[in-house]
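Tertiary structure, described
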Amino acid sequence: MNVSSADADGRAAGDWSRREQMNAARRICEQIRRQGKSGLDARTLMVRVEPDALRCCAESHTRPSELPHIEGEMTLMPPCSSAIRKTLETYLGRHPGERDALAGLLAGLDRPFDVTCRTTLPGHVTCSAVVIDRQGRVLHIRHRATGGLLLTPGGHIEPGDRTLLTAALREVWEEAGLAPGALCLTRQMLGTPIDIDIHDIDASPAKGEPAHQHYDFRYAFYLIGEEPPTITLQDEEVSGARWLALPEVTSPTLRAKLLHAQLDGQPEPVNASVLVHDDAGRYLLHLRDHKPGVIWGSGAFDLLGGGRAHDDQSLEATLLRELSEEVPDLSLEYLEPYVVEETTSVDGLSVPVQVFTGRWRGNPDRLRLHEGVLLRWFTPDELDRLRLCPTTRDLIRRHAAERASDGPPTATPPLWGGDSRTVLNGIGVHLHLEDDEGRVLLGLRHSASRYAGGTWHYLAGRCEQESAIACLLREAWEEAGLVIDPADVDLAHVVHVVDTPGGQPLMQLVFRARRWKGTPEVREPDKCQAWRWWPKRQLPDQLVPYTRTAILGIAEGRTYSELGW
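Structure report, in brief. (Residues numbered from 1 in each chain as written. Predicted model: local features only at pLDDT ≥ 70, side-chain atom pairs only at ≥ 80, totals over all residues. Heavy atoms only, no water.)

1. Some thoughts on the overall build of the protein chain
Scanning the protein chain from terminus to terminus reveals eleven helices and 23 strands. Per-residue burial for the protein chain yields a buried fraction of 52% across its 565 residues. Long-range pairs, those at least 24 residues apart, make up 69% of the contacts in the protein chain between residues at least 6 apart in sequence. On the protein chain, roughly 26200 Å² of surface is accessible, and the fraction owed to carbon and sulfur atoms is 50%. (Helix = DSSP H or I, 4+ residues; strand = E, 2+ residues; numbered from the N terminus. Buried < 20%, exposed > 50% of the residue type's maximum accessible area, 1.4 Å probe, protein only. Contact = heavy atoms within 4.5 Å. Areas by Shrake-Rupley, 256 points an atom, 1.4 Å probe, with all protein chains shown as cover.)

2. Remarks on the pattern of salt bridges
Scanning all chains against the criterion turns up 40 salt bridges. In this structure, D279 and R403 form a salt bridge, with 2.2 Å as the shortest nitrogen-oxygen distance. Of this pair, D279 sits in the loop between β9 (271–277) and β10 (283–287) while R403 sits in helix α9 (residues 390–406), and the two are 124 residues apart along the sequence. Its relative accessible area of 33% is what places R403 among the partly exposed residues. A salt bridge links D365 to R376; the shortest N-O distance between them is 2.8 Å. A residue pair is termed long-range when its members are at least 10 positions apart, and D365 in the loop between β14 (350–359) and β15 (374–378) and R376 in strand β15 qualify at eleven residues. Relative accessible area serves as the criterion here: at 55%, D365 is assigned to the exposed category. A relative accessible area of 33% means that R376 is categorised as partly exposed. Among the charged side chains, a salt-bridge network with shared partners connects E98, D195, D197, D216, R218 and K257. (Salt bridge = Lys/Arg side-chain N within 4 Å of Asp/Glu carboxyl O.)

3. Quick notes on the sheet that holds strand β18 (residues 456–457)
Spatially, β18-β17-β22 is the arrangement adopted by the three strands of the open sheet, whose pairing is antiparallel. Single-partner strands in this sheet number two, and they are β18 and β22 (528–534). When strand β17 (residues 440–445) meets β18, the two strands line up antiparallel, connected through two bridges. Each bridged residue has a counterpart across the sheet, and for G443 the counterpart in β18 is H457. (Pairing = 2+ DSSP bridges.)

4. Focus: the environment of L190
Turning to its location among the elements, L190 is positioned in the loop between β5 (183–185) and β6 (195–201). With a relative accessible area of 7%, L190 lands in the buried category. For L190 and R308, which are 118 residues apart along the polypeptide, the C-alpha to C-alpha distance reads 7.8 Å. Residues in contact with L190, not counting those within four places in the same chain, are L185, V270, R308, A309 and H310.

What follows is the structure, given as structure tokens:
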């Protein structure tokens, strides 16, 4: 995670002038021209370059002399029709009544023309930035080209704008002097437009332009700071600025949608990540893919996690969804919020991040990794050797220091018999039930569960002072209201699990009941949220790994498996 810092000479990043920022962008232009690119200008490069260069230009985190060398292919082009259509369809999913009004744009996306080009007729796409301050007011500026109308900052898309959203960011920076780092996304809108306005543009004989239409994609942003920053107007295009309360917003369609969305101007986390530790001083880091300009933290180590989606009910749900997509077999214990940090997106926006902590003690080489390059354990004293943003490095060390003050790390399991090398194994019991269709009963563990929160698992429990079958029958009744005769129970599979070298081995016993009485019901909602019958060939992605191993082993007629050894 990246947070701005002062330069070597002590001057803060925000003190850089726009002239210095433009000079930095021109240096990048010249580098790219020497690589055979053409048709670029400094304003284009201010927002459309690889992340390190973007931060230098958009936020001046780095002195111009310290700009990184631009490597690899730099393809500068406007958003493609398929990307615009995807954004448009997402918008229409929330505003289906506007489909007829936007039929012209939908038809234009089917034609072999660039709808972002200002010469495309009878209409083309433009972008605006709806900036909302902490008092819930919206920034308006007077555009000279409209005769002094008060409008939100916006304009045409440039060839180097990576997305529609980056075009809106570029416009508000050019016209009002607000850099992307001064802004953040809203939880309600995230990266989708709050409004798409259609307005008629009169013919301009001086420019050789006939009458046409603008399809204006409007993106909402909050100011990240408590106080509105100084507005630096681009005199050749705008002549004044005002902050208007929501009921005074000049566009009727935008005003209605802002009031409906209840945007209050208060930034909140739109990203969730997790600090995974093993209670023994190690931290799990994720090496991200090298995709400059596409993902933030490209080619560097980082925490697992990602951005919030519209369907996520909470930031914990965001994190669990991201983990299921990135590392589906990773099940964390003691997941809880830790701290809110601030980082920088690939577009230069500030991103408030809710950081969670969670414990895991496994071997990362055994995890299926769907995104990124690899997962590795590191101790805090190894972090300086990694390509890792300073904020993440400081966060890990802060957490390690706090845990050190709480006492020594969790001890390894005691040996049985003093000097003996025999180690006590934990015993868990699990119920394998199949209905008449051959489906397996699984329970969705509560998201706040210490073990495998938000993950599907067998009905299970740890043995107390009782036999394994007695434990199984007790858990079946307490958790699901099922009555089972011990004569109907057979041992079906054993999984011998160890999560990490030196960790306590677990002997997971899986019993199969041939008959039972009752229908599964949620009787301990603080532990289990739902029971569901799953076809063995369509098991959920977010399933406890050894549960999956046992189900497959039983289906194949095997009675024993090992994990983690």
